[in-house]
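Per-entry structural report
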Amino acid sequence: MQGKKKFMMIKVDLQKAYGRLSWSFIRNTLELAGLDRQTSSAIMRCITSTNFKIIWNGGTTEEVQASRGIRQGNPLSPYIFVLCMERQGHLIEDKVKQGVWKPFKISKDGPQILHLMFADDLLLFAEASTRQAEIIHDTLVEFGLASGQKISVEKTRFTCLKNVSNQ
């Protein structure tokens, strides 16, 4: 790609994305989504009533009560996860409105691309600069502190357009 603007893309992988969501964050997300108290309470009972037994040295342990996360296989989990991750998108949009996150533009008058979300992977787009990398980092940390999500550093990748130097 030839152009004057320098842009980067960061592919962010979330560690155990379903299992790390904070229950208070989920509850707050359901409220922000406009669900009535009865519906969100019923959903939270489904989420918080999870117990586990662990096989250890050939025997099972006592039941362990879960304290966070949503379970894969639960038909509600994908919907809950998307609602929660949508809050990350809103946080990014807020940073753009504040003028601190400089998004990627297809062309001079084209649409801005801020992020794309695929299951537990995020693609984040911004102007290629150290300052923008710091803003992205801070935004991810802010969301992580609120939601319980953590980035898998080993699986996260950083790419710049060809017109950006390695430095």
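Look up: the structure comes first, before these words.
Residues numbered from 1 in each chain as written. Predicted model: local features only at pLDDT ≥ 70, side-chain atom pairs only at ≥ 80, totals over all residues. Heavy atoms only, no water.

Focus: the overall build of the chain
Stated precisely, the cut-off is as follows: Secondary structure elements follow DSSP: runs of H or I no shorter than four residues count as helices, runs of E no shorter than two count as strands, and numbering proceeds from the N terminus. Only protein chains enter the calculation, and the probe is 1.4 Å; a residue is then buried if its accessible area is under 20% of its type maximum, exposed if over 50%, and partly exposed in between. In what follows, a contact means two residues having at least one pair of non-hydrogen atoms within 4.5 Å. Each accessible area is a Shrake-Rupley estimate made with a 1.4 Å probe; only the visible protein chains count as cover when residues are assessed.
Tallying secondary structure elements over the chain gives 5 helices and 10 strands in all. Its C-alpha atoms give the chain principal-axis dimensions of about 60 × 45 × 25 Å. Taken over 167 residues, the chain has a buried fraction of 35%. Considering only residue pairs separated by 6 or more positions, the chain has 69% of its internal contacts joining residues 24 or more positions apart. A total accessible area of about 10,800 Å² is found for the chain, and carbon and sulfur atoms account for 55% of it.

Let's talk about unusual backbone geometry
With a phi close to 40°, Lys16 is a non-glycine residue in the positive phi region. Within the secondary structure, Lys16 sits in the loop between strand E1 (7-13) and helix H1 (17-20). We note that Asn57 has phi near 50°; this positive angle belongs to a residue other than glycine. Mapped onto the fold, Asn57 is located in the loop between strand E3 (55-56) and strand E4 (59-60). What makes Asn57 exposed here is its relative accessible area of 78%.

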